[in-house]
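Chain by chain, the residues run as shown.
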Amino acid sequence: MEKIRVSKDGRPDECIAYVSEKVGGRFSALPCSAGVFCRAGRSAIEFSTEKIYEPYVRGETVSAVAEVLALFYKYRFFSRLLPLPALTKEERELLLTALVSADFSADKEYVKRRLSGLDEYRIDGVFFFRLQELKKSWERIASYVPASFSGEALFSFVKYLVSEGEGRVFLQGESAYDEDYRPLKKSSLIGGYSAPKEILLSSARFVYCFGGQSQDTREFLKKYYPERTFFC
């Protein structure tokens, strides 16, 4: 059996859970097993699979780890640099989500390249030692956001991101799905699941709603997707 390990300092958390669910769910029909353990202050998940399936499981593992770094770590990076006193708590959370989503695809591809050739994916080690250029670009972006950043500026920025969106997101109640009807759970890495966050993090151009959505989600769609939301 081939083994692929992902680890992180501390106890198992949302990062390890995200990798476990994404990789395990993708290959649930294959002879691929996963085990989570904690040793010497580090938590880890180890996937075991037959050699013929190893490239596929490794590829999905690299993708999941790259998303953790481009979401969980980037969100906290911006959160530390941007107190944003002129925004309400909800507005600040929306801006941080928008900043994370803005270059998500490019960030993810950069991280995937930096993961190439590693035997074990030590998430925190990769962040501290292998993403220097990416972190410099995040610092530059943060420097463009003034402390006086206002709610009006936030509205304009999010509307711009929406206008640049591609693809579709489907909402069944508050549960978000991509175009292949796979559950979207990226927001679990940036402060907790929410449908509006999933829509932004997916760079959605259109949103299709089934069932009933919460008041917060309806208000978000009315404000940022008034002509791009379809109730089915």
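Our structure's up above, just so we're on the same page.
Summarised in this report is the structure supplied together with it.

The rules we used
- Residues numbered from 1 in each chain as written.
- Predicted model: local features only at pLDDT ≥ 70, side-chain atom pairs only at ≥ 80, totals over all residues.
- Heavy atoms only, no water.
- Buried < 20%, exposed > 50% of the residue type's maximum accessible area, 1.4 Å probe, protein only.
- Helix = DSSP H or I, 4+ residues; strand = E, 2+ residues; numbered from the N terminus.
- Pairing = 2+ DSSP bridges.
- Right-handed = clockwise from strand over helix to strand, strands pointing away.
- Core = buried A, V, L, I, M, F, W, Y, C linked by side-chain atoms within 4.5 Å.
- Contact = heavy atoms within 4.5 Å.
- Salt bridge = Lys/Arg side-chain N within 4 Å of Asp/Glu carboxyl O.
- Phe/Tyr/Trp six-rings, centres within 6.5 Å; stacked < 30°, edge-to-face > 60°.
- Lys NZ or Arg CZ within 6 Å of the ring centre and 35° of its normal.
- Expected span 1.5 Å × (residues − 1).
- Arc of directions from axis to C-beta.
- Axes fitted to C-alpha atoms, helices over the stretch in contact; angles between N-to-C directions.
- Polar contact = N/O pair within 3.5 Å; in protein donor to acceptor, adjacent residues only side chain to side chain.

With respect to the pairing of strand 7 (residues 206–210)
So, point 1. Of the two faces of strand 7, the one lined by V207 and C209 is fully buried and the one lined by F206, Y208 and F210 carries no buried residue.
So, point 2. The sheet contact formed by strand 5 (residues 168–172) and strand 7 spans 5 bridges and is parallel. Note on strand 7: the bridge partner recorded for L171 is C209.
So, point 3. Taken together, the 3 bridges between strand 7 and strand 8 (residues 229–231) define a ladder with parallel strand orientation. Bridged to C209 within strand 8 is F231.
So, point 4. The parallel pair strand 7 and strand 8 is bridged by helix 9 (residues 215–224), and the resulting crossover is right-handed.

Overview of the nonpolar core
So, point 1. Formed by 69 residues in total, the largest nonpolar core has its most connected members in V19, V68, L69, L171, I199 and Y225.
So, point 2. Per-element accounting of this core gives the leading share, 14 residues, to helix 2 (residues 54–81).
So, point 3. Residues in contact with V19, not counting those within four places in the same chain, are V6, G24, I45, F47, A64, V65 and V68.

Here's the deal with the pattern of salt bridges
So, point 1. Summed over all chains, the structure comprises 18 salt bridges.
So, point 2. The salt bridge involving E46 is made with R5; its shortest N-O contact spans 2.8 Å. Taken as a pair, E46 in strand 3 (residues 42–49) and R5 in strand 1 (residues 2–9) lie far apart in primary sequence, 41 residues in all.
So, point 3. Take E46: its relative accessible area is 17%, and that puts it in the buried class.
So, point 4. Note that K108 is salt-bridged to E67, the shortest N-O span being 2.8 Å. Within this pair, whereas K108 is found in helix 4 (residues 104–115), its partner E67 is found in helix 2, the two being separated by 41 residues in sequence. E67 shares its class with K108; the two are buried.

A look at the packing of aromatic side chains
So, point 1. Tallying each qualifying case throughout the model produces 12 aromatic pairs.
So, point 2. Aromatic side chains F155 and Y224 sit 5.6 Å apart centroid to centroid with 35° between the ring planes, which places their arrangement in the tilted category. Taken together, the residues span a long stretch of sequence, with F155 in helix 7 (residues 151–163) and Y224 in helix 9 at a distance of 69 residues.
So, point 3. Owing to a relative accessible area of 32%, F155 belongs among the partly exposed residues under this scheme.
So, point 4. Both rings, one in F220 and one in Y225, keep their centres 6.0 Å apart while their planes meet at 45°; by these two values the pair is tilted. You'll find F220 and Y225 in the same group, each marked buried.
So, point 5. Cluster of aromatic residues (ring-pair linked, three or more members): F170, Y181, F206, Y208 and F230.
So, point 6. Taking the ring centre of F72 as reference, the NZ or CZ of R76 above it sits at 3.7 Å.
So, point 7. It is K135 that lies over the ring of F127; its NZ or CZ is 4.5 Å from the centre.

Observations regarding helix 7
So, point 1. For helix 7, spanning 13 residues, the distance from its first C-alpha to its last is 18 Å, which sits close to the expected 18 Å at 1.5 Å a residue.
So, point 2. Residues L154, V158, L161 and V162 constitute the buried set of helix 7. Looking straight down helix 7, one finds that the buried residues subtend no more than 100° of arc, so they occupy a single side.
So, point 3. Contacts from the buried residues of helix 7 go to helix 3 (89–102), helix 8 (195–201) and helix 9.

Observations concerning the sheet that holds strand 6 (residues 175–177)
So, point 1. An order of 6-5-7-8 is seen for the 4 strands of this open sheet, with the pairing classed as mixed. Edge positions in the open sheet fall to strand 6 and strand 8, since each of these has one partner strand only. On average, adjacent strands in this sheet sit at an angle of 25° to one another, irrespective of strand direction.
So, point 2. As paired strands, strand 5 and strand 6 are joined by 3 bridges and run antiparallel to one another. Bridge pairing in strand 6 places F170 opposite Y177.

Concerning helix 1 (residues 14–26)
So, point 1. The end-to-end C-alpha distance of helix 1 is 18 Å, a good match for the 18 Å that 13 residues give at a rise of 1.5 Å each.
So, point 2. Of all the positions in helix 1, only C15, I16, Y18, V19 and V23 are classed as buried. Down the axis of helix 1, the smallest arc covering the buried residues is 160°, so these residues share one side.
So, point 3. Where helix 1 is buried, its residues meet strand 1, strand 2 (32–39), strand 3 and helix 2.
So, point 4. Two or three places before C15, at the opening of helix 1, D13 has a side-chain oxygen 3.0 Å from that residue's backbone nitrogen.

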